[in-house]
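Remarks on the overall topology
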Amino acid sequence: MHKIKDFYKIVEYLILPVTVLIVWQILFKTGLVNPILLLGPGKVWHSFINLIEAGTLYKNIGMSILRVLEGFLIASVSGIFLGIIVGLSKHFDRITNIVIQIIRPIPPIAWIPLAILWFGIGENSKIYIILLGAFFPIFTNVVEGIHRVDKKLIEVAYVLEIPKGKFIRKVIMPSSLPFIMTGIRLGLSGAWMCVVAAELIASTSGVGYMISDARQLSQTDVVIVGMLIIGVIGKTMDVLLLKLQRSLVKW
Amino acid sequence: MNMDKLTEDRILIRNLNKKFVINRKSVPVLENINLHVEKSQFISIIGSSGCGKSTLLRIIAGLDNDYEGTVEMDGEKILKPSLKIGIVFQEHRLFPWFTVSENISFGLRDKSYSEKKEIVKQHLELVGLSGFEDAYPSQLSGGMSQRVSIARALANNPEILLMDEPFGALDALTRIQMQEQCLKIWETKKITIIFVTHDIDEAVYLGDKVIVMSQRPGRIKKVIPIKVKRPRDRNSYDFLEIRKLIYEEFFSDQKEIVNYVI
């Protein structure tokens, strides 16, 4: 019985992607769509294989992942650290409130001109943009997680005269962990989404570069390969973090 | 020091008054509470919902300083919570990320690893949960969690234990078992207990005296000493007589309300 249910579940997962591929192929074969605008799935697949064989795909993916990780790591450390301070201290909350509220809604892309001025066109400006994409989700969720600690549990710690350090480490932190993990996942996904924008800054490597270069050469197939790669890697990173979250937050 | 006191008062409350401000109107919650609790006594406080009995307990615990009057323990004002006063709340309030053992030993200070282990073991035995050291709260039933909560409060060796309707969320059968456990703990540790409940049977079964509180604003209507010998029989004549007394306290309360309506 289970096997039949599982089978139907798999069918439901696959039915849409397969339909999309079929419709796509039909549109291509019947020439309804201008080949410059959209190449067929076969061509895309060929480009994919070519890129792998030429080694360029791995190199680009590697570069992008490296940049994302660097920006993400800095954002995580600073986001969690500042988030804890602001979350625990009403004073810091009020002091930083206005500046954060104004900067947060600015999309990382809008920072590109300033980033180039400040950091040049090397790696640093790209990492800065990626950092911005990751920082605010992490920071906001850390603060929120700390604010949402169950007051009833705080009272118990108060009654047991728990010293402040132990209280933060053993009550506030474990309690906020689910929120912090959510923030980290959103942060990584935010960082990854900024990679294309960041690599527009005069890059010579990376998946974002690969896409914008291919666009200039009207290599739509390469563009699509790049986009799909971005999607798949982004999803994989999220799944890995979700597994991490499940293993850390066991309650 | 008061030299005229013949008995040792653990807790002394004089002229306690408290108001809440709701929508800019001041609502009296506790009025003119005068209460003294002697060492190793078991006091039951009974009242209907909203009569302020939980508020009273929180004030004694040091969780609430916004009142008029004097609340003292051993002659000193209670200004904030201390490890000398343990409290068990209505909810178990166990930390879900800690095991039973970690929860119980959480408040312990200056104790070695083996000392902590021993204390946890003793207290689990006391509440009838030996062997559950490594369980997580999510794996326990309501009654078991509440027992762990009691063990946690007792592990720090408080001189006074406050219990705020601790068995309210449990089914009737578990409640009776827990009452037995409670008395066992009281007799073993010789601790002073102030027990708040809305269950008349529970109040009479457990307490050396029962403090009957009126509806809001909470006043002490009557203090009824329970001179029935322990172990008490819930169906004995003496028990039922006192139970009746207390029922009448509440009925007369309601009769007053009916008069006002007419």
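Predicted model only: the values in this text are computed from it and were never measured.

1. Some thoughts on the interface of chain A and chain B
Counting residues at the interface gives 12 residues for chain A and 16 residues for chain B. Of all the secondary structure elements, the ones that give two or more residues to the side of chain A that touches chain B are helix H7 (151–159) and helix H8 (164–199) of chain A. A per-element tally of the side of chain A that touches chain B places H7(A) first, with 6 residues. A per-class count over the side of chain A that touches chain B returns 9 nonpolar, no polar and 3 charged.

2. A short note on H7(A)
What H7(A) keeps buried is the set A:Val156, A:Ala157 and A:Val159. The buried residues of H7(A) occupy an angular sector of 165 degrees when projected down its axis, which confines them to one face. Of the surrounding elements, those touching the buried residues of H7(A) are H8 of chain A together with helix H1 (53–61) and strand S6 (85–88) of chain B.

3. Let's talk about the packing of helix H3 (residues 56–88) of chain A against H8(A)
Residue and element names in this part refer to chain A. Their axes nearest at 9 Å, the elements H3 and H8 cross at an angle of 145 degrees. Read as a crossing pair, H3 and H8 show a hand that is right-handed. Taking contact as the criterion, the partners of Ser64, Arg67, Val68, Gly71, Phe72, Ala75, Ser76, Gly79, Ile80 and Leu88 in H3 are, on H8, Ile168, Ile180, Ile184, Gly187, Leu188, Ala191, Trp192, Val195 and Ala198. Residue classes in the contact of H3 with H8 are distributed as 13 nonpolar, 5 polar and 1 charged.

4. Focus on the confidence of the model for chain B
All names here are of chain B. On average, residues of chain B score 88 in pLDDT, and 93% of them reach the 70 mark or higher. Mean pLDDT per element in chain B: helix H7 (residues 237–261) is the minimum at 73, and helix H2 (residues 100–104) is the maximum at 96. For residues 1–6, every residue scores under 50 in pLDDT, and the model assigns this stretch 1 contact once sequence neighbours within four places are set aside.

5. Some remarks on the sheet that holds S6(B)
Residue and element names in this part refer to chain B. Taken in spatial order, the 6 strands of this open sheet run S6-S7-S8-S3-S9-S10, and their pairing is mixed. Both outer strands of the open sheet, S6 and strand S10 (220–225), are each paired with one neighbouring strand and no more. Across this sheet, the average inter-strand angle for adjacent strands is 15 degrees, counted without regard to direction. Both strand S3 (residues 42–46) and strand S8 (residues 192–197) contribute to a ladder of 5 bridges, which runs parallel. Opposite Phe42, over in S8, you have Ile193 as the bridge partner. On top of the sheet, helix H4 (residues 142–155) reaches S6 and strand S7 (160–164); it is set at about 175 degrees to S6, its chief contact.

6. Details of the sheet that holds strand S1 (residues 9–22) of chain B
Residue and element names in this part refer to chain B. An order of S2-S1-S4-S5 is seen for the 4 strands of this open sheet, with the pairing classed as antiparallel. Across the chains shown, the open sheet's two edge strands, defined by having one partner strand only, are strand S2 (25–38) and strand S5 (76–77). Relative to S5, strand S4 (residues 68–73) runs antiparallel, the two sharing 2 bridges. Bridge assignment links Glu72 to a residue of S5, and that residue is Lys77.

7. Points about the nonpolar core
The biggest cluster of nonpolar side chains holds 70 residues, and the ones touching the most others in it are B:Ile60, B:Leu162, B:Ile194 and B:Phe195. Non-local contacts of B:Ile60, meaning those with residues more than four positions away in its chain, are made with B:Ile11, B:Val71, B:Ile78, B:Leu162 and B:Ile194. Among the nonpolar cores identified, the runner-up in size contains 44 residues, and A:Ile129, A:Val142, A:Leu188 and A:Trp192 belong to it.

8. Observations regarding the pairing of S6(B)
Residues and elements named next belong to chain B. Side chains Ile85 and Ile87 project from S6 onto one buried face, and the interleaved Gly86 and Val88 project onto a second face that is buried too. Relative to S7, S6 is paired through 4 bridges, and the arrangement is parallel. Bridge pairing in S7 links Gly86 to Leu161.

Rules used throughout
Residues numbered from 1 in each chain as written. Chains lettered and ligands numbered in written order. Predicted model: local features only at pLDDT ≥ 70, side-chain atom pairs only at ≥ 80, totals over all residues. Contact = placed C-beta atoms within 7 Å. Helix = DSSP H or I, 4+ residues; strand = E, 2+ residues; numbered from the N terminus. Nonpolar A, V, L, I, M, F, W, Y, C, P; charged D, E, K, R; others polar. Buried ≥ 20, exposed ≤ 12 C-beta atoms within 10 Å, placed from the backbone. Arc of directions from axis to C-beta. Axes fitted to C-alpha atoms, helices over the stretch in contact; angles between N-to-C directions. Left-handed = near helix turned anticlockwise from the far one by under 90°. pLDDT = per-residue confidence, 0-100. Pairing = 2+ DSSP bridges. Core = buried A, V, L, I, M, F, W, Y, C linked by C-beta atoms within 7 Å.

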